[in-house]
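Okay, here's what each chain looks like letter by letter:
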Amino acid sequence: MSPLVFVHVIISLFGIVSGFVVVSGFLTGKRSNGWTAFFLTTTIATSLSGFLLPADRFMPSHAVGILSLITLSLAVFGRYLEKVRGRWNDTFVVNSLISQYFNVFVLVTQLFQKVPSLRELAPTQSELPFVATHLFVLSAFIVVGIKSVQRLRVARLQAVLGMITF
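Once a new chain begins, its residue numbering starts again from 1 and follows that chain's sequence as written. Where totals are concerned, whole chains, interfaces and linings use all residues; where local detail is concerned, this predicted model gives features only for residues with pLDDT of at least 70, and gives and counts side-chain atom pairs only at 80 or more. Calculation of side-chain values draws on the structure's entire complement of heavy atoms; hydrogens and water are dropped beforehand.

A. Just the layout of surface pockets, in detail. Only protein atoms enter the calculation, which uses a 1 Å grid: trapped sets of points that fit a 1.4 Å probe without letting it out are cavities, open sets showing protein on both sides within 12 Å along at least five of seven lines are pockets, and any residue with an atom within 4 Å of a point is a lining residue. Grid points are joined across faces, edges and corners, and a volume is the space filled by probe spheres set on the points. Considering only enclosed or pocket space, the largest pocket measures out at about 1,100 Å³ in volume. Around the largest pocket, the lining is made up of 33 residues, and of these His8, Leu53, Ser61, Val106 and Gln110 lie nearest the centre. Broken down by secondary-structure element, the contributors of at least two residues to the lining of the largest pocket are helix H1 (3-28), helix H2 (33-50), helix H3 (60-81) and helix H4 (87-114). The biggest single contributor to the lining of the largest pocket is H4, with 10 residues. The secondary structure listing takes helices from DSSP runs of H or I that are at least 4 residues long and strands from runs of E that are at least 2 residues long, numbered from the N terminus.

Below is the structure:
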(Lines give C-alpha, C1' and ligand atoms only; values in the text may rest on other atoms or scores of the structure.)
Protein backbone atom coordinates (compact mmCIF):
# COMPACT_ATOMS: atom_id res chain seq x y z
CA MET A 1 0.00 0.00 0.00
CA SER A 2 1.45 3.33 -1.04
CA PRO A 3 1.66 6.19 1.47
CA LEU A 4 -1.04 8.07 -0.48
CA VAL A 5 -3.43 5.11 -0.36
CA PHE A 6 -2.68 4.60 3.34
CA VAL A 7 -3.47 8.26 4.16
CA HIS A 8 -6.63 8.08 2.01
CA VAL A 9 -7.81 4.97 3.87
CA ILE A 10 -7.08 6.46 7.31
CA ILE A 11 -8.93 9.67 6.46
CA SER A 12 -11.82 7.59 5.10
CA LEU A 13 -12.07 5.57 8.31
CA PHE A 14 -12.04 8.75 10.41
CA GLY A 15 -14.81 10.10 8.18
CA ILE A 16 -16.90 6.95 8.57
CA VAL A 17 -16.54 6.78 12.36
CA SER A 18 -17.26 10.49 12.83
CA GLY A 19 -20.15 10.18 10.39
CA PHE A 20 -21.79 7.60 12.60
CA VAL A 21 -21.40 9.93 15.59
CA VAL A 22 -23.09 12.72 13.60
CA VAL A 23 -25.88 10.40 12.42
CA SER A 24 -26.43 9.28 16.01
CA GLY A 25 -26.86 12.94 16.91
CA PHE A 26 -29.51 13.30 14.20
CA LEU A 27 -31.49 10.47 15.76
CA THR A 28 -31.11 11.59 19.37
CA GLY A 29 -31.31 15.34 18.83
CA LYS A 30 -27.84 15.79 20.36
CA ARG A 31 -25.74 17.44 17.72
CA SER A 32 -22.06 18.13 18.16
CA ASN A 33 -20.52 20.99 16.23
CA GLY A 34 -17.04 19.49 16.62
CA TRP A 35 -17.97 16.04 15.33
CA THR A 36 -19.95 17.59 12.49
CA ALA A 37 -17.01 19.73 11.38
CA PHE A 38 -14.66 16.74 11.66
CA PHE A 39 -17.03 14.51 9.65
CA LEU A 40 -17.51 17.06 6.89
CA THR A 41 -13.78 17.85 6.72
CA THR A 42 -12.61 14.23 6.64
CA THR A 43 -15.29 13.22 4.16
CA ILE A 44 -14.39 16.09 1.83
CA ALA A 45 -10.71 15.12 2.20
CA THR A 46 -11.60 11.50 1.43
CA SER A 47 -13.44 12.43 -1.75
CA LEU A 48 -10.73 14.83 -2.91
CA SER A 49 -7.83 12.48 -2.11
CA GLY A 50 -9.57 9.70 -4.04
CA PHE A 51 -8.96 11.66 -7.23
CA LEU A 52 -5.21 11.62 -6.49
CA LEU A 53 -5.07 7.82 -6.49
CA PRO A 54 -3.60 6.24 -9.62
CA ALA A 55 -6.17 5.35 -12.28
CA ASP A 56 -5.87 4.94 -16.02
CA ARG A 57 -9.56 5.65 -16.73
CA PHE A 58 -12.71 7.14 -15.22
CA MET A 59 -13.99 4.61 -12.69
CA PRO A 60 -17.18 4.17 -10.63
CA SER A 61 -15.24 5.43 -7.60
CA HIS A 62 -14.72 8.73 -9.43
CA ALA A 63 -18.47 9.04 -9.98
CA VAL A 64 -19.09 8.36 -6.28
CA GLY A 65 -16.46 10.98 -5.41
CA ILE A 66 -18.17 13.58 -7.59
CA LEU A 67 -21.60 12.79 -6.16
CA SER A 68 -20.17 12.88 -2.65
CA LEU A 69 -18.64 16.32 -3.22
CA ILE A 70 -21.99 17.60 -4.52
CA THR A 71 -23.87 16.33 -1.46
CA LEU A 72 -21.13 17.59 0.85
CA SER A 73 -21.35 21.04 -0.77
CA LEU A 74 -25.07 21.15 -0.01
CA ALA A 75 -24.50 19.93 3.55
CA VAL A 76 -21.78 22.53 4.19
CA PHE A 77 -23.88 25.29 2.62
CA GLY A 78 -26.91 24.36 4.72
CA ARG A 79 -24.92 23.98 7.93
CA TYR A 80 -22.50 26.86 7.81
CA LEU A 81 -23.84 29.46 5.40
CA GLU A 82 -27.56 29.08 6.01
CA LYS A 83 -27.03 28.10 9.67
CA VAL A 84 -29.54 25.20 9.35
CA ARG A 85 -32.44 27.64 9.22
CA GLY A 86 -35.77 26.28 8.02
CA ARG A 87 -35.49 23.79 5.19
CA TRP A 88 -31.69 24.11 5.21
CA ASN A 89 -31.76 21.96 8.33
CA ASP A 90 -33.40 19.17 6.31
CA THR A 91 -30.94 19.80 3.48
CA PHE A 92 -28.00 19.54 5.86
CA VAL A 93 -29.25 16.33 7.47
CA VAL A 94 -30.25 14.58 4.25
CA ASN A 95 -27.05 15.46 2.41
CA SER A 96 -24.90 14.51 5.40
CA LEU A 97 -26.66 11.14 5.47
CA ILE A 98 -26.14 10.67 1.73
CA SER A 99 -22.46 11.53 2.12
CA GLN A 100 -22.13 9.01 4.95
CA TYR A 101 -23.93 6.43 2.82
CA PHE A 102 -21.38 6.99 0.04
CA ASN A 103 -18.58 6.44 2.59
CA VAL A 104 -20.15 3.18 3.75
CA PHE A 105 -20.95 2.12 0.17
CA VAL A 106 -17.28 2.44 -0.75
CA LEU A 107 -16.23 0.67 2.47
CA VAL A 108 -18.47 -2.32 1.72
CA THR A 109 -17.28 -2.43 -1.88
CA GLN A 110 -13.64 -2.32 -0.77
CA LEU A 111 -14.24 -5.06 1.79
CA PHE A 112 -15.69 -7.31 -0.93
CA GLN A 113 -12.65 -6.55 -3.10
CA LYS A 114 -9.92 -6.89 -0.47
CA VAL A 115 -11.08 -9.46 2.12
CA PRO A 116 -10.45 -12.94 0.66
CA SER A 117 -13.49 -14.63 2.20
CA LEU A 118 -15.80 -11.87 0.94
CA ARG A 119 -14.12 -11.83 -2.47
CA GLU A 120 -14.85 -15.58 -2.73
CA LEU A 121 -18.54 -14.89 -2.05
CA ALA A 122 -18.74 -12.23 -4.77
CA PRO A 123 -15.78 -12.35 -7.15
CA THR A 124 -17.46 -10.13 -9.78
CA GLN A 125 -19.42 -8.02 -7.29
CA SER A 126 -22.67 -8.93 -8.98
CA GLU A 127 -23.43 -11.96 -6.83
CA LEU A 128 -26.24 -12.10 -4.27
CA PRO A 129 -24.11 -11.56 -1.12
CA PHE A 130 -22.68 -8.33 -2.53
CA VAL A 131 -26.03 -7.05 -3.81
CA ALA A 132 -27.88 -8.07 -0.63
CA THR A 133 -25.30 -6.34 1.57
CA HIS A 134 -25.60 -3.13 -0.39
CA LEU A 135 -29.41 -3.29 -0.36
CA PHE A 136 -29.34 -3.79 3.41
CA VAL A 137 -27.01 -0.80 3.89
CA LEU A 138 -29.13 1.36 1.59
CA SER A 139 -32.33 0.32 3.40
CA ALA A 140 -30.78 1.12 6.78
CA PHE A 141 -29.76 4.59 5.58
CA ILE A 142 -33.24 5.25 4.16
CA VAL A 143 -34.83 4.30 7.50
CA VAL A 144 -32.35 6.46 9.43
CA GLY A 145 -32.97 9.33 7.01
CA ILE A 146 -36.74 9.14 7.46
CA LYS A 147 -36.40 8.95 11.24
CA SER A 148 -33.94 11.88 11.28
CA VAL A 149 -36.19 14.14 9.20
CA GLN A 150 -39.24 13.15 11.28
CA ARG A 151 -37.33 14.04 14.43
CA LEU A 152 -36.45 17.43 12.95
CA ARG A 153 -40.06 18.13 12.10
CA VAL A 154 -41.25 17.17 15.58
CA ALA A 155 -38.56 19.38 17.13
CA ARG A 156 -39.62 22.30 14.89
CA LEU A 157 -43.28 21.81 15.81
CA GLN A 158 -42.40 21.68 19.51
CA ALA A 159 -40.39 24.88 19.15
CA VAL A 160 -43.31 26.64 17.46
CA LEU A 161 -45.78 25.37 20.05
CA GLY A 162 -43.42 26.45 22.82
CA MET A 163 -43.53 30.00 21.46
CA ILE A 164 -47.31 30.06 21.59
CA THR A 165 -48.76 30.99 24.96
CA PHE A 166 -52.21 29.82 25.87
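B. Expanded view of the packing of aromatic side chains. Think of it this way: a Phe, Tyr or Trp ring, Trp meaning its six-membered ring, pairs with another when their centres are within 6.5 Å, and the plane angle makes it stacked under 30 degrees, edge-to-face over 60, tilted otherwise. Taken as a whole and assessed by the stated rule, the structure comprises eight aromatic pairs. Geometrically, the ring pair formed by Tyr101 and Phe105 is tilted, given 6.0 Å between the ring centres and 45° between the ring planes. In this pair, Tyr101 and Phe105 both sit in helix H4, four residues apart, roughly one turn of the helix. For the exposure calls, accessible area comes from a 1.4 Å probe over protein chains only, and a residue counts as buried if that area is under 20% of its type's maximum, exposed if over 50%, partly exposed in between. We classify Phe105 as partly exposed; its relative accessible area is 27%. Taken together, the aromatic side chains of Tyr101, Phe102, Phe105 and Phe141 make up a single cluster linked through ring pairs.

C. Looking closely at a nonpolar patch on the surface. Where nonpolar side chains cluster on the molecular surface, the patch consists of Met1, Phe6, Val7, Val9, Ile10, Leu13, Phe14, Val21, Trp35 and Phe38 and spans about 910 Å² of accessible area. If you list the elements that add at least two residues to the nonpolar patch, you get H1 and H2. Mapped onto the elements of the fold, Leu13 is located in helix H1. Owing to a relative accessible area of 39%, Leu13 belongs among the partly exposed residues under this scheme. What makes a patch is a set of residues exposed beyond 30% relative accessible area and free of salt bridges, joined within 9 Å when like-charged and within 5 Å when nonpolar (Val, Leu, Ile, Met, Phe, Trp, Tyr). A 1.4 Å probe and the Shrake-Rupley method give the accessible areas. Residues count as covered only by the protein chains that appear here. The rule for a salt bridge is simple: a side-chain nitrogen of Lys or Arg has to be within 4 Å of a carboxyl oxygen of Asp or Glu.

D. Inspection of the pattern of salt bridges at higher detail. Counted by the stated rule, this structure contains three salt bridges. Of the charged contacts, one joins Asp90 and Arg87 as a salt bridge, the two residues approaching to 2.9 Å between their closest N and O atoms. Linking Asp90 with Arg87, this pair stays in helix H4, spanning three residues, or about one helical turn. By relative accessible area, which is 55% here, Arg87 ends up exposed.

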